[in-house]
Amino acid sequence: MTQDNVLLRVENLVKHFPINRGIIFQRQVGAVHAVDGVSFFIRKGETFGLVGESGCGKTTTGRTILQLYRPSSGHVYFGETDLTRIRGEELRRMRRHMQMIFQDPYASLNPRMTVAEIIGEPLTVHHIAQGSEVTERVQHLLSIVGLSAAFADRYPHEFSGGQRQRVGVARALALQPELIVCDEPISALDVSIQAQVVNLLEDLQQQFGLTYLFIAHDLSMVRHISSRVAVMYLGVIVELATRDDLYGHPLHPYTQALLSAVPVADPVVEERRHRIILEGDVPSPVDPPSGCRFRTRCPIAREICAEKVPDWREVSPEHWVACHLV
Amino acid sequence: MADLLDVQGLETQFKTRDGVVHAVNGVDFSLKEGETLGIVGESGCGKSVTMLSLMRLIPTPPGTIAAGRAIFQGHDLLKLPMEEMQHIRGARISMVFQDPMTSFNPVLTIGRQLTEPLELHMGMSGSQARGRAIELMQMVGIPQAEERLNDYPHQFSGGMRQRVMIAMALACTPQILIADEPTTALDVTIQAQIIELVKHLRDEIGMAVIWITHDLGIIAGLAERVMVMYAGYIIEAAPVKELYKNPLHPYTIGLMGSLPRLDSKDRHRLTSIDGLPPVMYEKAKGCPFAPRCAYVFERCWKENPPLMRAGPEHTVACWWDVKEGRAHE
């Protein structure tokens, strides 16, 4: 495996959320296994797609990488630095280099702050600019994301969803980060607006050499924007490959079912497609199935799948999969 | 086949603090028996309001159905007294909503909510209705149907809840099922389950389906005919294969270009549509899409194009002939 130019390396990342009972004497009675041993790396300048259905742990993975949640165990190397080992001022200094764009452009902008304050805040917090310099930078950032400089003094509620997401992008760009974690950045937007924001993200990547971790449930959009893609199911990555490999030759039965379930906007194609319909729902992450986590819904599961956790193997260059039967 | 439903000139408006919002502006369409019609559009295009108007579920005030008629089995749904409407709603035309959590009563068991329409519309006794409810739950693929009747809505997962919703809608074997984005809140593997279920039940019962969505992908594999709505107008309508092969309205073309496809060969830039969908405080003087349109010319600002024939079953509301690259006469 070539690991040149790696910007971010995640090793065996685990995040469990405790479930507590009792009012005064709280004791832990269990844990939500949100992320359970996830490893991957992201190269400089690439877009790494992380897909999965709701509750699979993709958002928690993103937030744990940025240390918005502290991991239960595992390591996150940003360059040479292990983010899980640093805290306080040291961590804050590292945060300059990694920013986040959130899913909900309505909830992620403070309604009492003007757009100029929202975008300018990271600049003052990190002592990068002051006074009129902040104003200048904000105006520049607004123009980069395609908003008029006249919008600077307006409040978030005066904007449409797509425009708010542009404000969110401008805020993320303010510190000139290397890595941006995009957590479902377009899923709250209308179809015609989604394309606007995705095109903007692609342009900015080219212009500033950004690296994206693109978290989404929309497989078509992830295919469009990513160079490599990982598929998550119930807290673990089940398959990871380059975009063309993953979509062209999916190996894991879950990836295959997931891809077959995505509707294609073409009636002629739809007529001929074979759809793998999975039975039932995703099991609870409080008590995940033994062995392979997908076995309860897997159409080809055998005995071994319940007994042994499948190894994470590289079956062909850059194509990793965790399944006994591949 | 005969038209099961015929809607003409439907207009619905809402009074708001900022003025009267014209949500639906003269919608004409018909639905044949057993047909599946897809209605596509972005949020605020009037697709849901059109259906809620037909069901007479528009909250009045602030909403009013300002004009139009909707003939269903000899009755005009828009003029029917509310008591008679109640015999049609849920019995002969029923509706499935987007959010299966908010469309149930959280303090009643699923069993109670399923048996209510059966007792009300079909005059069944308590035990008859319970028996039928179990059948319905099994029909939509809910395991341990009998025990689960005693559960409350929150005890079901999102996909299961939507199945119960469908069971409830089908309780009285309606002639028309209106599905308003029923899979938008669901994961893609669960969405596939629900779509398969509706297709299967449609073919079994032989009902007509109106499926509202913003997802051009879902419609492609489901509908026979598709209408595209924008700003309260139908701007294009055609049989499904014709529409996808040969979209004629610049908005339809834009929508299709803004979708990345799972099966596209090479990576190309998405064609985005600039600007935002409008909020209609008055009826459009020109074409409502003109401010965002790439082909706009003089006439578009002055006259709103009506739906015009573009093929045997293809209608489009646009002054520009995209294929010929010139204006229509």
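Turning our attention to the overall build of chain A. When helices and strands are counted, chain A shows eleven helices and twelve strands. Relative to its length of 326 residues, chain A is compact, with a C-alpha radius of gyration of 21 Å against a globular reference of 20 Å. Along the three orthogonal principal directions, the C-alpha set of chain A runs to about 65 × 60 × 45 Å. Buried residues in chain A amount to 44% of all 326 residues. Taking contacts inside chain A between residues at least 6 apart in sequence as the whole, the part at least 24 apart equals 63%.

Before going further, it helps to examine the overall build of chain B. When helices and strands are counted, chain B shows eleven helices and 14 strands. The globule rule puts the C-alpha radius of gyration for 329 residues at 20 Å, and the 21 Å found for chain B is close to it. In terms of overall dimensions, chain B has C-alpha extents of about 65 × 50 × 45 Å along its principal axes. Scored against the burial criterion, the 329 residues of chain B give a buried share of 47%. Counted over contacts in chain B with a minimum sequence separation of 6, partners at least 24 positions apart contribute 63%.

Residue and element names in this part refer to chain B. For the pair helix H3 (residues 110-122) and helix H4 (residues 126-139), interaxial distance at closest approach is 9 Å and the crossing angle is 115°. When the axes of H3 and H4 are compared, the crossing they make is right-handed. Where H3 approaches H4, its residues Gly111, Leu114, Thr115, Leu118 and Glu119 are matched on the opposing element by Ala129, Arg130, Arg132, Ala133 and Leu136. Residue composition of the contact of H3 with H4, grouped by class: five nonpolar, two polar and three charged.

One open sheet holds the four strands; their spatial order is S2-S1-S4-S5 (chain B), and the pairing between them is antiparallel. For this open sheet the edge positions go to strand S2 (19-32) and strand S5 (75-76) of chain B, each flanked by a neighbour on one side alone.

So, on to the pairing of strand S7 (residues 176-180) of chain B. All names here are of chain B. In terms of residue burial, S7 counts as a mostly covered element, since five of its five residues are buried. Inspection of the sheet shows strand S6 (residues 93-96) paired to S7 by four bridges, in the parallel sense. By the bridge assignment, Met95 is partnered in S7 with Ile178. Regarding topology, helix H7 (residues 188-205) serves as the crossover connection from S7 to the parallel strand S8 (residues 208-213), and that connection is right-handed.

In this section: the packing of helix H5 (residues 161-173) of chain A against helix H6 (residues 191-208) of chain A. All names here are of chain A. In the contact formed by H5 and H6, the axes pass within 10 Å of each other and the chain directions differ by 20°. Looking at the two axes, H5 sits roughly parallel to H6. Crossing geometry of H5 relative to H6 is assigned as right-handed. For the pair H5 and H6, the contacting residues are Gly161, Gly162, Gln165, Arg166, Val169 and Leu173 in the first and Ile193, Gln196, Val197, Leu200 and Leu204 in the second. When grouped by side-chain class, the residues that make up the contact of H5 with H6 number six nonpolar, four polar and one charged.

A separate point is the interface of chain A and chain B. Contacts between the two partners involve 35 residues from chain A, matched on the other side by 37 residues from chain B. Those elements that place two or more of their residues in the side of chain A that touches chain B are H6, helix H7 (219-225), helix H9 (253-261) and helix H10 (267-272) of chain A. Residue contributions to the side of chain A that touches chain B peak at seven residues, all from H6 of chain A. Across the side of chain A that touches chain B, the residue classes break down as 19 nonpolar, nine polar and seven charged.

Residue and element names in this part refer to chain B. Within helix H1 (residues 47-54), seven of the eight residues are buried, which leaves the element mostly enclosed by the surrounding structure. If you check which residues of H1 are buried, you get Lys47, Ser48, Val49, Thr50, Leu52, Ser53 and Leu54. Looking at the residues trailing H1, positive phi occurs at Arg56, about 60°.

Time to look at the confidence of the model for chain B. Atom-level detail of predicted coordinates should not be read off regions where pLDDT is low. With 98% of its residues at a pLDDT of 70 or more, chain B has an overall mean of 89. The ipTM, which scores confidence in the relative placement of chains, is 0.81 for this predicted complex, and the corresponding pTM is 0.86.

Residue and element names in this part refer to chain A. Strand order across the open sheet formed by four strands is S2-S1-S4-S5, with antiparallel pairing between neighbours. Each edge of the open sheet carries a strand with a single partner, namely strand S2 (27-43) and strand S5 (81-82). As paired elements, strand S1 (residues 6-21) and S2 share 13 bridges and run antiparallel to each other. Residue pairing in the sheet places Val6 in a bridge with Arg43 of S2.

Before going further, it helps to spend a moment on the environment of Pro18 of chain A. Residues and elements named next belong to chain A. Positionally, Pro18 belongs in strand S1. With 12 C-beta atoms packed within 10 Å, Pro18 lands in the exposed category. Note: C-alpha distance between Pro18 and Glu133 (115 residues apart in sequence) is 45 Å.

Attention now moves to the environment of Ala150 of chain A. Summarising the element assignment, Ala150 of chain A is placed in the loop between helix H4 (132-144) and H5. In this structure Ala150 of chain A comes out as exposed when scored by C-beta crowding, with 9 C-beta atoms within 10 Å.

In this section: the pairing of strand S6 (residues 98-101) of chain A. Residues and elements named next belong to chain A. The two faces of S6 match: Met98 and Met100 on one face and Gln99 and Ile101 on the other face are all buried. Pairing of S6 with strand S7 (residues 179-183) involves four bridges; the strand directions are parallel. In the sheet register, Met100 faces S7, and the bridge partner there is Val181.

Here we take up unusual backbone geometry. Residues apart from glycine generally show negative phi values, whereas peptide bonds are mostly found in trans. The omega angle of the peptide bond from Thr60 of chain B to Pro61 of chain B is -20°, so this bond is cis rather than trans. For Pro61 of chain B, the position within the fold is in the loop between H1 and strand S4 (63-72). Here Pro61 of chain B and Pro62 of chain B are connected by a cis peptide whose omega angle stands at 10°. Within the secondary structure, Pro62 of chain B sits in the loop between H1 and S4. If you check the backbone angles, Gln176 of chain A has positive phi at about 50° while not being a glycine. Relative to the helices and strands, Gln176 of chain A is located in the loop between H5 and S7. Unusually for a residue other than glycine, Leu234 of chain A sits at a positive phi of about 50°. Considering the arrangement of structural elements, one finds Leu234 of chain A in the loop between strand S9 (228-233) and strand S10 (236-242).

Each value, and the rule that gives it
The written sequence of each chain sets the order in which its residues are numbered from 1. Each chain is given a letter, starting from A, and each ligand a number, starting from 1, according to the order in which they appear as written. Owing to the predicted nature of the model, reporting of local features is limited to residues with pLDDT of at least 70; listing and counting of side-chain atom pairs is limited to 80 or more, with chain, interface and lining totals taken over all residues. Helix and strand labels come from DSSP, where a helix needs a run of H or I of at least four residues and a strand needs a run of E of at least two; each type is numbered from the N terminus. In this setup the radius of gyration rests on C-alpha atoms only. A globule is expected at 2.2 Å times the number of residues raised to 0.38. Three exposure classes are used, all based on how many other C-beta atoms lie within 10 Å of a residue's own C-beta (placed from the backbone): buried at 20 or more, exposed at 12 or fewer, and partly exposed between those limits. A residue pair is marked as a contact if its C-beta atoms, positioned from the backbone, fall within 7 Å. Only C-alpha atoms enter the line fits that serve as axes; for helices the fit covers just the stretch in contact. Angles between N-to-C directions range over 0 to 180 degrees. Left-handed describes a crossing in which the near helix is turned anticlockwise from the far one by less than a right angle; the clockwise case is right-handed. Any residue that is not Ala, Val, Leu, Ile, Met, Phe, Trp, Tyr, Cys, Pro, Asp, Glu, Lys or Arg is counted as polar, Gly included; the first ten are nonpolar and the last four charged. The rule for pairing is simple: two strands pair if DSSP sees at least two bridges between them. The handedness rule is simple: strands pointing away from the viewer, and a clockwise path from the first strand over the helix to the second, make the crossover right-handed. Angles below 35 degrees are treated as roughly parallel, those above 145 as roughly antiparallel, those between 65 and 115 as roughly perpendicular, and all remaining angles as oblique. One confidence number per residue, pLDDT, is output by the predictor and ranges from 0 to 100.

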